[in-house]
Amino acid sequence: MAALVLLALLVPEPVIARSCSPSEVAALTALPAEDAPAVRLTCFASLPPGASIRRHIVFEGAETSGAGLDCNGGSVGTAGQASTTRDPTVAVWSRRDGAGWSVPRDVRITRCTIHGNLRIWGLGRDDIASLRASSRTPGHTTAAQTAAPTGLTLENITFAATGSIPLYIGPGVTNVQMTGGSFRGQSVSTAIYLDAESAGAVIRDVVFDIRTGREQIAVDGSARNRIEENRFQLNGRAGVLLYRNCGEDGVIRHQTPSENVITGNRFEGVAWLMPRPIVVGSREGRRRYCADDAGYPFGSSVDDRDHATGNVVNRNTLGFRWLP
């Protein structure tokens, strides 16, 4: 009992930002000029029914903690406009603050259609060299998680993908929760990417009806995530792959894709030949760049294998693709 009380005291209270004023909401939903910059939100905006936001949204730094957006059924971005990784439709970003980081937490987005993509970044967002350098120190996982956003909540969000990965959860990002909603449109890669050293994401009750160039969810050196009660339309592609992408960009993967729970999901359109709805340990070092992180006594530098351990996979059901 005493341990539970101590744990409760250690968990920080969720941050709640002020509500945006009517004038701030009006400016947010006004038709922008073609070259209008992204809007930086530090308050919680509740849109009137039927309203949409045509500008991109940024939550950057600790001052945006607790901020967010309730679209009330509306949308963010422009339908059909190709999305890019450099200028995402919605961004949740940490910012360098002297020797440390200014980190947003507890951002909440609900009842929105996001045309394009949402990217969550801390260490390495615009400087892959800093991520590479950190990965060559023994405390990299802790450093990446300390620098990254945490506690993002996505409720009943529809991602209308237009090229790039619609939901990218960057290195060290922790405790993202997506409940309800769906993915549609088209991605050249995955629907969700859980990058190295990230942890604690919950993906629950989501419909994946999106055409992807690869698997639907990539779990790349990410741990303690829960992928539950979702519906996937695979169209012959892979579903959820757990691996460790050793050596990419010379970055050492420290954390293994371990202690994840994948349960109660329904996979439709599974390929008859080489079905891959869920693969635990899907790479095991079979990449040409695995040696690019060699020379250090930890992580994928010393062992390229996935080491996907302690994962729970059960109660998932399959529907195979129809063949003539």
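A.B. asks: Is there a simple way to explain the overall build of the protein chain in this structure?
C.D. replies: Helix and strand counts for the protein chain come out as five helices and 29 strands. In terms of C-alpha radius of gyration, the protein chain reaches 20 Å, essentially the compact-globule figure of 20 Å for 324 residues. Principal axes of the C-alpha set define a box for the protein chain whose edges measure 60 × 55 × 50 Å. Sorting the 324 residues of the protein chain into buried and exposed places 54% on the buried side. A total accessible area of about 14,500 Å² is found for the protein chain, and carbon and sulfur atoms account for 53% of it. Each charge class in the protein chain can be summarised by its mean position, and for the 33 positive and 31 negative side chains these summaries are 4 Å apart.

A.B. asks: Where do I start with the pattern of salt bridges in this structure?
C.D. replies: Opposite charge on two side chains permits pairing when their charged atoms draw close. Using the criterion set out here, one finds 16 salt bridges in the structure. Arg40 is the salt-bridge partner of Glu63, the closest N and O atoms lying 2.1 Å from each other. Linking Glu63 in the loop between strand 3 (57–60) and strand 4 (68–70) with Arg40 in strand 1 (residues 39–40), this pair joins segments that are 23 residues apart in sequence. For Arg40, a relative accessible area of 39% gives the class partly exposed. With a closest N to O distance of 2.8 Å, Arg266 and Glu268 form a salt bridge. Note on Glu268: relative accessible area 23%, which makes it partly exposed. Salt bridges sharing common partners tie together Asp195, Asp220, Glu248 and Arg253.

A.B. asks: Whenever I open this one, the sheet that holds strand 1 confuses me. Can you help?
C.D. replies: Strand-to-strand pairing in sheets goes through backbone hydrogen bonds, with the strands running parallel or antiparallel. In space, the nine strands of this open sheet follow the order 1-3-6-11-14-17-21-24-27, with parallel pairing throughout. The outermost strands of the open sheet, each flanked by one partner alone, are strand 1 and strand 27 (278–280). Bridging between strand 14 (residues 167–169) and strand 17 (residues 192–194) involves three bridges; their strand directions are parallel. Bridge pairing links Ile169 to Leu194 in strand 17.

A.B. asks: How do you make sense of the side chain of Arg283 when you look at a structure like this?
C.D. replies: Secondary-structure assignment places Arg283 in the loop between strand 27 and helix 5 (299–302). Among the polar contacts listed, one links the side chain of Arg283 to the side chain of Asn245, at a separation of 2.5 Å.

A.B. asks: Help me out: how do you make sense of the pairing of strand 16 (residues 182–187) in this one?
C.D. replies: Pairing between strand 13 (residues 158–163) and strand 16: six bridges, direction parallel. Across the sheet, Ala161 pairs through a bridge with Gly185, a residue of strand 16. Direction of pairing for strand 16 relative to strand 19 (residues 207–208): parallel, over a ladder of two bridges. Looking across to strand 19, one finds that Ser182 is bridged to Val207. Here strand 16 runs beside strand 20 (residues 211–212); their pairing, made up of two bridges, is parallel. Each bridged residue has a counterpart across the sheet, and for Gln186 the counterpart in strand 20 is Arg211.

A.B. asks: Is there a simple way to explain the packing of aromatic side chains in this structure?
C.D. replies: In this description, a pair of aromatic rings is defined by centroid distance and the angle of the planes. Applying the stated criterion to the full structure yields eight aromatic pairs. Pairing Phe159 with Phe183 gives two aromatic rings, centres 4.9 Å apart and planes at 5°, and the pair type is stacked. Taken together, the residues Phe159 in strand 13 and Phe183 in strand 16 connect sequence positions 24 residues apart. Relative accessible area serves as the criterion here: at 0%, Phe159 is assigned to the buried category. Aromatic rings pair up to connect Phe159, Phe183, Phe208, Phe232 and Phe267 into one cluster. The side chain of Arg283 reaches across the aromatic face of Tyr243, ending 3.9 Å from its centre.

A.B. asks: Looking at this model, I keep getting lost on the nonpolar core. Mind explaining?
C.D. replies: For soluble globular proteins, the rule of thumb is that nonpolar side chains tend to be buried together. By size, the foremost hydrophobic cluster in this structure holds 55 residues, and its most contacted members are Leu69, Ile109, Leu118, Leu167 and Phe183. If we skip the residues at most four places from it in the chain, Leu167 touches Leu118, Ile120, Leu154, Phe159, Met178, Phe183, Ala191, Ile192 and Tyr193. Of all hydrophobic cores here, the second largest spans 11 residues; its members include Val58, Ile165, Tyr193 and Ala218.

A.B. asks: Honestly, unusual backbone geometry in this entry has me stumped. Any pointers?
C.D. replies: Apart from glycine, the bulk of residues carry a negative phi angle, and the bulk of peptide bonds sit in the trans form. A positive phi angle, close to 60°, is found at Arg224, a residue other than glycine. With respect to the helices and strands, the residue Arg224 is situated in the loop between strand 21 (217–220) and strand 22 (226–228). Among the residues examined, Arg224 registers a relative accessible area of 42% and is labelled partly exposed. A positive phi angle, near 50°, is found at His307, a position not held by glycine. Within the secondary structure, His307 sits in the loop between helix 5 and strand 28 (312–314).

Here is what the cut-offs are and how they apply
- Sequence positions are assigned chain by chain, starting from 1 and proceeding in written order.
- The predicted nature of this model means local features are confined to residues of pLDDT at least 70 and side-chain atom pairs, given and counted, to a pLDDT of 80 or more, with totals for whole chains, interfaces and linings taken over all residues.
- Side-chain calculation: all heavy atoms of the structure are included, whereas hydrogens and water are not.
- To qualify as a helix, a DSSP run of H or I must reach at least 4 residues; to qualify as a strand, a run of E must reach at least 2; elements of each kind are numbered from the N terminus.
- Radius of gyration here is computed from C-alpha atoms only, and the compact-globule reference equals 2.2 Å multiplied by the residue count raised to the power 0.38.
- Each residue's exposure class comes from its accessible area (1.4 Å probe, protein chains only) as a fraction of the maximum for that residue type: buried when under 20%, exposed when over 50%, partly exposed otherwise.
- Note on areas: Shrake-Rupley with a 1.4 Å probe; residue coverage comes only from the protein chains shown.
- His is not counted, nor are the chain ends, whereas Lys and Arg count as positive and Asp and Glu as negative.
- Every charge is mapped onto a representative atom, which is NZ of Lys, CZ of Arg, CG of Asp or CD of Glu.
- What counts as a salt bridge is simple: a side-chain nitrogen of Lys or Arg found within 4 Å of a carboxyl oxygen of Asp or Glu.
- Only strands that DSSP links by at least two bridges are regarded as paired with each other.
- Counting of polar contacts relies on pairs of N or O atoms within 3.5 Å, with two restrictions inside protein: one atom must be capable of donating a hydrogen and the other of accepting it, and residues adjacent in sequence are counted only when both atoms are side-chain atoms.
- By convention, a stacked pair of Phe, Tyr or Trp rings (six-membered ring in the case of Trp) has centres within 6.5 Å and planes under 30 degrees apart, an edge-to-face pair has planes over 60 apart, and any other such pair is tilted.
- Whether a charge lies above a ring is judged from NZ of Lys or CZ of Arg, which has to be within 6 Å of the ring centre and within 35 degrees of the ring normal.
- Take the buried residues of types Ala, Val, Leu, Ile, Met, Phe, Trp, Tyr and Cys, join any two whose side-chain atoms come within 4.5 Å, and each joined set is a nonpolar core.
- Two residues form a contact once any of their heavy atoms are found within 4.5 Å.

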